[in-house]
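Okay, here's what each chain looks like letter by letter:
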Amino acid sequence: MVDLDLQRRTELTDRVHAAMPGVLSDLKDLARIPSVSLDSFDQAEVDRSAAAVAALLEAEGMQVQVVREGGRPAVIGRIPAPEGAPTITLYAHHDVQPPGDDADWDSPPFEPTERDGRLYGRGAADDKAGVMAHIAALRAHGGRPPCGVNIFVEGEEEIASDSLPAILDKHGELLRAEAIVLADSTNWEIGTPALTTTLRGMIRVVVTVRTLDHGVHSGIFGGAVPDALMALIRVLASLHDDAGTVAVQGLSASEASDLPYDEARLRDESGLLDGVGTVGTGSLLTRMWTKPSITTIGIDAPAVDRAANLLVPTARAKVSMRLAPDQDPKAAYELLAQHLREHAPWGAQLDIQLDDEGEGFAADATGPVYDAARASFADAWGTEPVDMGIGGSIPFVAAFAERFPDAAILVTGVEDPDSRAHGANESLHLGEFEKVCVAEALLLERLGEHRG
Ligand SMILES: [Zn+2]
């Protein structure tokens, strides 16, 4: 499946190049639709973007349906496999994150704008460029790829894909394939493509601490009676040791790949302030990709400007824990809850609620489909792809892996380290984007040559 003659390779590369102006124009049209899937935004826009995606897929000659199982609309397009050829399912999502404050953007979030070889706009990268990469690959093949192609464009990835399992239950047969490309991740750096082979899982809990029946005067009772915030701070502080390593015992952890990633790059990418050190132990990528981490992401306590001289009776915190790729979230929850209970000081009452959970992912990144993908990336970039991890979680990856255990699952993406997905000034590197499209067109060709 790896061999592909030079002439055909050149032909497909040229066709993608010729298709790029149209692809870019369609991408801009999609990115103008503010398809924010969060409840508090106008959901008619998500419907409108589903319809726009459906129209694009129909124009490629696909059989298209818009499906919805209690959540946001997803679009399924299909081109059946030629006799004896395998089928590939290509995933992307058409919903986007909220734009945040317009003032933080250098150009309006929903008016895609080109500057210095990048396209700026909410969804310009995450993940409307993923949608257009799949369409570009089809266009390179004149809408008649040598393998079966399903395109599945989800409408609620940014709100955790809640109805995706129901969609896969009801319509999964339409998406059955030998290979599944989930194009919602990132490449390693400009000029170096990557396959994402591990993702961390996650759990989120809400911890409520109670020490008093009601708030009382801090001058009168302070010193003898613990307030809830005092207890909560102790509990939260117990979650890390002095080096900032997760102190919850029994969690799984493993070593990440040895890709070069030094502290200077981490400081640059994360905006770590001068003089502030890193936390944890082991290589930086191991800390971010394959070991657990714990972050307190919110605390309910009296606001500073309204604070009274009071011992507060109740305080709560939301704690997010990222898990090693192979960690079972339920088991991690039990370990975290046990740790929290054991570290509640002075008999403070603790209530712990599981707020959310998501499985990690560790690909078996071997076999003919992976070989074909790596060869296609190498052709498109002129350099071999690397295997990388992501410290974040992508709930839908586990949903696909569970539903299609026999398929080779490839996590690819259009982003690069400067894409700022979810942030202000999200952008797509247009040179890299064309390579993503070429790689996918070549992958379809290689799969098509692999007749069963
Ligand atoms: Zn995304």
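Residues numbered from 1 in each chain as written. Predicted model: local features only at pLDDT ≥ 70, side-chain atom pairs only at ≥ 80, totals over all residues. Heavy atoms only, no water.

A. Region of the structure containing the packing of aromatic side chains. In total, this model carries 9 aromatic pairs according to the counting rule given. Relative to F396, the ring of Y91 has its centre 4.0 Å away and its plane inclined at 25°; by these criteria the two rings are stacked. A residue pair is termed long-range when its members are at least 10 positions apart, and Y91 in strand β3 (residues 87-93) and F396 in helix α11 (residues 395-403) qualify at 305 residues. Here Y91 and F396 have matching classes, each one buried. Three or more aromatic residues joined by ring pairs make a cluster, and in this case those are Y91, F152, F396, F400 and F404. (Phe/Tyr/Trp six-rings, centres within 6.5 Å; stacked < 30°, edge-to-face > 60°. Helix = DSSP H or I, 4+ residues; strand = E, 2+ residues; numbered from the N terminus. Buried < 20%, exposed > 50% of the residue type's maximum accessible area, 1.4 Å probe, protein only.)

B. Molecular detail of the nonpolar core. Core analysis: the largest hydrophobic core is formed by 62 residues, its most contacted members being I88, V149, L428 and F433. Once you skip the residues sitting within four places of it in the chain, F433 turns out to touch M20, V23, L27, A129, M132, A133, V414 and L428. (Core = buried A, V, L, I, M, F, W, Y, C linked by side-chain atoms within 4.5 Å. Contact = heavy atoms within 4.5 Å.)

C. Spatial organisation of the sheet that holds strand β4 (residues 113-115). Spatially, β4-β5-β18 is the arrangement adopted by the 3 strands of the open sheet, whose pairing is antiparallel. Only two strands of the sheet have a single neighbouring strand rather than two, namely β4 and β18 (427-429). When the angles between neighbouring strand axes are averaged without regard to direction, this sheet yields 25°. Pairing geometry for β4 and strand β5 (residues 118-120), over 3 bridges, is antiparallel. Its bridge partner lying in β5, E114 is registered against L119. (Pairing = 2+ DSSP bridges. Axes fitted to C-alpha atoms, helices over the stretch in contact; angles between N-to-C directions.)

D. Structural view of helix α10 (residues 368-381). The first and last C-alpha atoms of α10 sit 20 Å apart over 14 residues, in line with the 20 Å expected at 1.5 Å per residue. For α10, the complete set of buried residues consists of V369, Y370, A372, A373, R374, A375, S376, F377, A378, A380 and W381. Close packing links the buried residues of α10 with β7 (179-186), β8 (194-199), β16 (386-390), β17 (408-415) and α12 (430-448). (Expected span 1.5 Å × (residues − 1).)

E. Focus on the pairing of β17. Burial within β17 is extensive, with 8 of its 8 residues counted as buried. Neither face of β17 is open: one carries A408, L410, T412 and V414, the other I409, V411, G413 and E415, and all of them are buried.

F. Local environment of the pairing of strand β2 (residues 74-79). Counted residue by residue, β2 has 5 buried out of 6 residues, so it is predominantly covered. Between strand β1 (residues 63-67) and the antiparallel strand that follows it, β2, lie 6 residues; G70 among them carries a positive phi value of about 90°. Where β2 meets strand β6 (residues 148-154), 5 bridges bridge the pair, whose relative direction is antiparallel. Note that in β6 the partner of R78 across the bridge is N150.

G. The side chain of T290, seen in detail. Structurally, the position occupied by T290 is in helix α8 (residues 284-290). A polar side-chain atom of T290 sits 3.3 Å from the main-chain amide nitrogen of A256. Those residues within four positions of T290 in sequence are excluded, and the remaining contacts are R200, A253, S254, E255, A256, L285, A324 and P325. (Polar contact = N/O pair within 3.5 Å; in protein donor to acceptor, adjacent residues only side chain to side chain.)

H. Seen up close, α12. Compared with an ideal rise of 1.5 Å per residue, which puts 19 residues at 27 Å, α12 spans 27 Å between its outermost C-alpha atoms and is within 8% of the ideal. Among the 19 residues in α12, 17 count as buried, and that is most of the element.

I. Broad picture of the coordination of the zinc ion. Taken together, the protein ligands of the zinc ion are H93 (NE2), D126 (OD), D184 (OD) and D184 (OD), with distances of 1.9 to 2.6 Å. Viewed at the metal, the 4 donor atoms of the zinc ion are separated by angles of 54 to 153°, and the geometry they form is irregular. For the zinc ion, the donor residues sit on a single chain with the sequence spacing H-x32-D-x57-D. Placement of H93 in strand β3 and of D184 in strand β7 is noted, with a sequence separation of 91 residues between them. Each member of the pair H93 and D184 is classed as buried. (Donors = N, O, S within 2.8 Å, 3.2 Å for Na, K, Ca; no water. Tetrahedral: all angles 85-135°; square planar, octahedral: opposite > 155°, others 65-115°.)

By themselves, these figures tell us nothing about what the structure is for.
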